[in-house]
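Inside the fold
This is what each chain is made of:
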Amino acid sequence: MDDSSSKKSTPNTGTYDSVSLETAVAERWQNDKTFENSIEQRRNSKPFTFLEGPPTANGKPGIHHVLSRLYKDLVCRWKTMEGHLVERKGGWDTHGLPVEIEVQKQLNLMSNEEIEAYGIEAFNQKCKESVWTYEEAWREMTERMAFWVDMDNPYVTLHDEYIESAWWSLKQMHDKGLLFRGYKVLPYCPQTGTSYSTHEVSLGYKEVAEPAVYIKFQLVDDAASILAWTTTPWTLPGNVGLAVGSNVKYCRVRITEPPSGNWEGRGSSEVGEELILAKDLLSDVLRHQVEVIEEFSGSEIVGKAYHPLFPDAIDRGDSDTAWTVVPADFVTTTDGTGVVHTAVMYGEDDYALGMEVGFPAQHTVGMDGKFISGTHDSLDGRYVKDCDSDIINLLEQNGRLYREHIYTHDYPHCWRTEHPLLYYAMDSWFVRMTAVKDKIIKYNSEVEWAPEWTGTGRVGEWLRNIKDWAISRERYWGTPIPVWICQDCGHEHCIGSIEEMNSMKTDSSPSPKELHRPYVDAVKLHCSNDGCKGEMVREPYVMDCWFDSGCASFAQWHYPFENEDKFKGSFPVDYICEAVDQTRGWFYSLLAVSTTVFDSICYNRCLSLGHILDNEGKKMSKSKGNVVNPWDHFNKEGTDAIRWYMTTQSAPWSPMNFDPKGVRETYAKMFLTLWNVHRFHADYAVLDNFNPNDKSTFVPIGKRSPLDRWILSRISTVAQDYHNQFVSWEFHKAGRDLENFVITDLSNWYVRRSRRRLWDEADSSDKRACQHTLHEVLCTVSKLMAPVSPFMSDRIYHDLTGESVHMADWPLGSSLVEKKLPPQDLNLEQQMSIVRTLTETGRRIRVDSNRRQRLPCQSGWIVGGIDLSAFHSIMAEELNVESLKTEKNLDRFQRVEIAPNHKVLGKKCRADLPKVLSELASADSEKLLDEIEKGNANLAGYDITMDDISLRRVEKEGYAASTFTVENLGDISLVLDMTLNDALLSKGLAREITRRVQSKRKDLDLDLEDTITLTVWLTEESPKLESKDWEYVKSETRASSAELSYSKPSKKADNFEVDGIKLYFSLKANK
RNA sequence: GGGCCCGUGGCUUAGUCUGGUUAGAGCACCCGACUGAUAAUCGGGAGGUCGCCGGUUCAAAUCCGGUCGGGCCCA
C-alpha cells in the first residue's frame, strides 16, 4: 500500500472506527519497525531500565494482566519520549507447583509415587510443554493492547542459562553462610506424599467432629499436674514442652468433690488432686468442685519440669529445656486451658518455639504418616489418625487424662484423597533472611514506592517480622537445588556453575542433558572435603519458584557468565510494576536476592497496582461469572479507550471497580470528541492545502487572535500539570485533566467558536492562524496522551506531521530533550475563564427571566472584574446582545449584603460564634458596613473588620442580572437590559425562522451547498420583519429565491410557534 | 488471629495529609434552551444521615477510638 508509507499522506478522516484505526496503526508500526526505532533512536542516551515481572503462560491472560501491562508500557513509553533508552526484555515464569498440578490433573497422577512411577523425565517433559499452552494468547493480547516489549528474545526461567545464574546466586548465599538446612512445618498429605501450598489447602477445608482431650502433665518436683488441651492426640507422643503466657494468670486448684451430674467420655480425677491452668478458663475446663490454692502469673511456673507422656518416643539429646514449661507470646485464653501442648515437629508455632528455646527436634511420625518404631509398643508402624482413640486409652490407663469431648472445627483435607492433612516438619533448605534483616529494611526504605504506604506499611511490616526463607520444595518441575551432600562424611557443597559441576563430576556420572530433574539427579560429585574419598549426591529438591523470579535482574542476562555490561548498566533497575499481591511475592524475592547476593537494592521505583474488581467491588472469579474478557472491549471500544479508561478511572494503586459502561463512556466522550476535532482540522486542511511547514503562510503566535493565544496557553498549562502528575504517579488525575481540556476547552469552546473562521472560503490570515493553532494543539495533545493511548495519538500525530508520535520528544522536556510548549499567558486564561462564566451566566439569566436565547437584548453590562474588551464581540454573540458595555457603578443595579467569614470569625470568637452570627444576621447592612469602614464595628463584644465578612451583591428590580465571584478579583456581574423594541423583535423573528428552515434542510438531507426556494407566511399579530433581517434569513438558509407572504399559507406548509403565534413556511430544494 | 488499603446520590468519583461558605464533578433520569455541532452543547431540577457508633472541637467527609462491609497479604 503506497498510502501507508511514512511519508506525509493525505489524511482520510472518516467516522471513528476504533478497531480498524488501531489495526492500521499497528500494521504501520510493524512495517516501519516503530518500536525498534523508538529504542534505537535513543541508543546512545541515558538508559531508563525496566524489568518485566514474568507471567506464566500456562494460564489465559485476563483483564488484570491488561492493567499491569498498561502501567508498564505507559511509563516506558513516557520515559522513551523523555529521551531515555528504554529496553524492554520480555520474560516467562515457567516453573512451579501450578504447572505440576495442571499436568497431574491431565495425567491423573494423584501422588508423588505415581509421578515417579510415570517417570520424572516424562513428567517434566509434559510440564515443559504445558508452560507454553497459552503463549499464543499472551502474544495476541500483548500486541492488541500495544504493550511494547521484546517477546522475541525473552528470558525464560527454565533455560539452562537462567538456571545457571540462579545457581550462582545461591552459591553466593552459601559462601556467606546464609544457606542452611532445617525444617519447615507444612500441611502434608502422607497418602500423596506431598505438602501443600496455602492455595491448595484452601481447596480442602472440611468440618469435622473429633475427640479433643485435656491432659494432666505431672510435674517433677511438685504434686500438681499442669492441664493442657489438644485436638490432635496423635501429636502427644511428640510432646516436648508446655507453653504458657508470661502475663496470663494461672492458678493451682485442688479437687474437693467428685463431679456432679453426668461425666461424658473417658478420663477422671481424684479428690485431693492438684491441677494448674489459666484462671479465666477454670469453669470452661473443670467438671469438679475445686478450691483455688494459689494464683500466679505464667512467668512464675516457667522452667518447671514434668514427666514425659511417652518416655521412649523422643531422645532428650543435649536439650536442657525438654519437658519443661516455657513462655510463648502466642498463648491465649480463648480456648483450651491457657497452656499449649508443644510437639515441635507438628505445628508451625511449635517448631518456631522449639527452635527458640532449644527443644529436641525429632520426628515420632514418618513420611508415610505412621508412627516411627520405638515410639510406643502399641503405636509403632500404625497410621497416626487411626491411633487417636488408643492414645486416649493409654493416657486414661496412666491416669493422665482429665477428660475428653467432641470438638467440631474446620480442618484442612487433601483435595485429592480427602484425607486430613498433617502439619508436618519437612526437611527444607533456608536462606537466613533474619541475618540480613537490618540491611533489607534499610534497602527497602531507599526504594521509591508508589504508593508510599506499600513500602512503609505492607512491605515494612513484613520485613520487621522477617523469617528465614524456605527455598526448597519436594517437587519435580523447577530449578534443582545445586547442593550435593557427601554420603560418607556429610560434607555439603553448593555448585555455582555448570563448569564447576562438570569439574567435580565422578567418571561414572553422565553429563546432564539439561539442568532439570532427573538429569542432574544422576550427577554424583567427588567429595570436596579434604581427604574424603566419598561420593556426593544432590539434595532431591527444587527451588521455590519465587527464588527463580527473584533472580530476574541478573539471570535475564545470564550474568555473571555473560553480558556483564548489560547487567551492570541495568542494576538496580529503574522501574518495576506489578499488582499489590506481589508484596510478599516478587517485590520481596527481588529485594531478598539482591540484598543477600549484591548487598544492594534491586529496583529504584516500584509501582504497586490495585486489583481489578467487578462493578460491584467484588473479586472477579469464574464461579461468580463476573470475569471481564478484555477482547470484548478490544473488539468494540478499542485498546485506546480501555487503556484511557483504566488510567483515569482510579489511582493506579486503588482497587478498580471495572465497569464496561465506563469504557463506553470514555470511548464516546474522549475519543469521539478528539477524533472529531481532528477531523474538523484535517478536512479544512485538505480543502485549503494547509501546510504547517510553509513559512510564507505561517502566522506568528503574537499575531493570532486572543482565542488562539488562549487555547495555546491552556494546552501549555495543562501539559505542565499533566507532567507533574505523571511525576507523582497520579496518572489518573493527569488523564482526567487532559480529557477535560479536550472536551471542554478544545472541542466545546475553541472549535465551536472557530467554526465560522474556517468556513470562510477565501484565504485569510485569521483562518491560517486557526489552522496553525489547531495543528499545534493537536500535536501536543497527541504527545501527552501517547503513553496512555498509543493508537489514536499516533494516528493524529502521523496525519499532522508524517511521523510517529512514539518517536517524538516529550513536550515538557527533560534533562535529555528540549521543552517545547506554546507560550503561557495566565492573564489571558483568567480572562477567558471569566468570559465563559459570563456567557453561561447570561444563559441562566435568560432562563430565569423567561427571555428566549434567539431574541436579542439591546444592552448588556459587565460590572467589576478585569478588562475583557478583547472578547466583547465573542460575548455579544454568545449572549445575543446588541451592545455590550462595561459599567463601574453597580448601585444602578445592585445593593450590598454582608455574609460572615466563618473561618476567621470562628478563630476569633470561639464559643461566642453563634451569638456573633445572630447579631450579624439582624444588623443593618449599610450601617454595619459604614462602621466597619470607620473601624468601630462591634458585634457581641467583638471588633469586626473587613476580614471577618464577605460582601455579596444582590440585584435590584428592573434589570435581569447575576453575580459570581472570582478569586482575587472579587465579584463580577452581568446585567441584561430586558426591554423590547420592534428592531429586536424583527431580529429575533429572523433567527427563529432561520433555525426552523435549517432544521428542515437537515431533515430533507440537503447538502451544505444546495440552494432552496423558500416561502414564509407572516400574520398581522407577528412582529414586523425588517428587510435586512429578511436578507439574513435568505443568506443563512441559502435561499436563492424567497417570498414573504401575508396571505393564507399553503396546506403543505410547515409551521412553528413563537410567543404563542403560529407561523408557516415551506421550502423546496433547487435541483 | 495479625498487617495494609478502600467505603462520599442509582453508577464512577473530587475533596481527607493541612478541620471552616451551600460536599464539587461526570454518567443515567426529568424540565427547558440552543444547534448545518460530534454518541454534541448550555441552563435548571431531582437525587447525599460522606458505611455505622462514639470522642476531640465553637466547627468533623476530613483528626482520634471502636465497629460493620469489601479487597489484598500473612497466620
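Keep in mind the model is a prediction, meaning the values are calculated, not measured.

Some words on the overall build of chain A
When helices and strands are tallied, chain A shows 33 helices and 38 strands. Relative to the 2.2 N^0.38 estimate, which gives 31 Å for 1071 residues, the radius of gyration of chain A is 41 Å and therefore markedly larger than a compact globule would have. Based on the C-alpha atoms only, the size of chain A along its principal axes is roughly 125 × 80 × 60 Å. Within chain A, the fraction of its 1071 residues that count as buried is 54%.

Brief notes about the sheet that holds strand E38 (residues 1061–1069)
Pairing between sheet strands relies on hydrogen bonds along the backbone, with the strands arranged either parallel or antiparallel. A sheet is described by the order of its strands in space; here four strands give the open sequence E36-E35-E38-E37, paired in mixed fashion. A strand with exactly one partner marks an edge of an open sheet, and here the two such strands are strand E36 (1039–1045) and strand E37 (1054–1058). Looking at each pair of strands side by side, their axes are set apart by 20 degrees on average, direction ignored. When strand E35 (residues 1012–1017) meets E36, the two strands line up parallel, connected through six bridges.

Considerations on the protein's contact with RNA strand B
Not every one of the 50 residues close to RNA strand B is listed here, only the nearest: Gln649, Asn676, Arg752, Arg854 and Arg1001. Within 4 Å of the protein, the atoms of RNA strand B are drawn from sugar and phosphate moieties in a proportion of 61%. Measuring from a base nitrogen of RNA strand B, one finds a side-chain N or O atom of Tyr667 at 3.4 Å. Within the side chain of Arg843, one N or O atom sits 3.2 Å away from a sugar or linking oxygen of RNA strand B. Of all the secondary-structure elements, those providing two or more residues to the surface near RNA strand B are helix H14 (452–464), helix H22 (660–687), helix H24 (731–759), helix H27 (826–848), helix H29 (902–909) and helix H32 (982–1003). Counted by class, the surface near RNA strand B contains 10 nonpolar, 13 polar and 27 charged residues.

Here's the deal with the environment of Gln831
Here Gln831 is to be found in helix H27. What makes Gln831 buried here is its relative accessible area of 17%. Sequence spacing of Gln831 and Asp867 is 36 residues, and the spatial spacing of their C-alpha atoms is 7.9 Å. In this view, Gln831 contacts Ile866, Asp867, Leu868 and Phe871; residues no more than four positions away in its chain are not counted.

Regarding the domain arrangement of chain A
As assigned here, chain A comprises domain 1 (194–426), domain 2 (482–538), domain 3 (654–830), domain 4 (894–955) and domain 5 (982–1069). The centre of domain 2, based on its C-alpha atoms, is set 66 Å off from the matching centre of domain 3.

What about empty space enclosed by the protein?
Using the criterion set out here, one finds four cavities of 30 Å³ or more in the structure. By volume, the largest cavity amounts to about 60 Å³. Forming the walls of the largest cavity are Leu186, Ser195, Met426, Asp427, Ser428, Ser472, Arg473 and Glu474. Sorting the residues of the lining of the largest cavity by element identifies strand E14 (422–431) and strand E17 (472–473) as the ones contributing at least two each. It is E14 that provides the largest number of residues to the lining of the largest cavity, a total of three residues. Counted by class, the lining of the largest cavity contains two nonpolar, three polar and three charged residues. Surrounding the second largest cavity, Glu121, Asn124, Gln125, Lys128, Trp477, Glu514, His516, Arg517, Pro518 and Tyr519 form its lining. For the lining of the second largest cavity, the residue count by class is three nonpolar, three polar and four charged.

Describing the environment of Trp469
Relative to the helices and strands, Trp469 is located in strand E16 (residues 469–470). Excluding residues that lie within four positions of it along the chain, Trp469 makes contacts with Trp429, Phe430, Val431, Met433, Asp544, Trp546, Phe547, Ser589, Ala592 and Val593.

Observations regarding the sheet that holds strand E3 (residues 179–189)
One open sheet holds the four strands; their spatial order is E4-E3-E14-E16, and the pairing between them is antiparallel. In the strand order of this sheet, the two ends are held by strand E4 (194–195) and E16, each with one partner. The pairing of E14 with E16 spans two bridges and is antiparallel. Paired with Phe430 across the strands is Ala470, a residue of E16.

Some remarks on the packing of helix H3 (residues 63–81) against helix H7 (residues 135–144)
One way to put it is that H3 packs onto H7 with a least axis distance of 11 Å and a crossing angle of 50 degrees. In terms of their interaxial angle, H3 and H7 are classed as oblique. Along this stretch, H3 crosses H7, giving a crossing that reads as right-handed. Of the residues in H7, those touching H3 at His65, Val66 and Arg69 are Trp138, Met141 and Thr142.

A look at a negative patch on the surface
Side chains of Asp760, Glu761, Asp1005, Asp1007 and Glu1009 sit close together on the surface and give a patch of like negative charge. Counting through the fold element by element, Asp760 comes out in the loop between H24 and helix H25 (765–785). Accessibility expressed as a relative area gives 36% for Asp760, which makes it partly exposed.

So, how was this worked out
Residues numbered from 1 in each chain as written. Chains lettered and ligands numbered in written order. Predicted model: local features only at pLDDT ≥ 70, side-chain atom pairs only at ≥ 80, totals over all residues. Heavy atoms only, no water. Helix = DSSP H or I, 4+ residues; strand = E, 2+ residues; numbered from the N terminus. Rg over C-alpha atoms; globule rule 2.2 N^0.38 Å. Buried < 20%, exposed > 50% of the residue type's maximum accessible area, 1.4 Å probe, protein only. Pairing = 2+ DSSP bridges. Axes fitted to C-alpha atoms, helices over the stretch in contact; angles between N-to-C directions. Near = heavy atom within 4 Å. Polar contact = N/O pair within 3.5 Å; in protein donor to acceptor, adjacent residues only side chain to side chain. Nonpolar A, V, L, I, M, F, W, Y, C, P; charged D, E, K, R; others polar. Contact = heavy atoms within 4.5 Å. Domains from an automatic or database assignment. 1 Å grid on protein atoms, 1.4 Å probe; cavity = no way out; pocket = protein on both sides within 12 Å on 5 of 7 lines; lining within 4 Å. Points joined across faces, edges and corners; volume = space filled by probe spheres on them. Parallel < 35°, antiparallel > 145°, perpendicular 65-115°, else oblique. Left-handed = near helix turned anticlockwise from the far one by under 90°. Patch = residues over 30% accessible without salt bridge, like charges linked within 9 Å, V, L, I, M, F, W, Y side chains within 5 Å. Areas by Shrake-Rupley, 256 points an atom, 1.4 Å probe, with all protein chains shown as cover. Salt bridge = Lys/Arg side-chain N within 4 Å of Asp/Glu carboxyl O. Lys, Arg positive; Asp, Glu negative; His and termini not counted. Charge placed at Lys NZ, Arg CZ, Asp CG, Glu CD.

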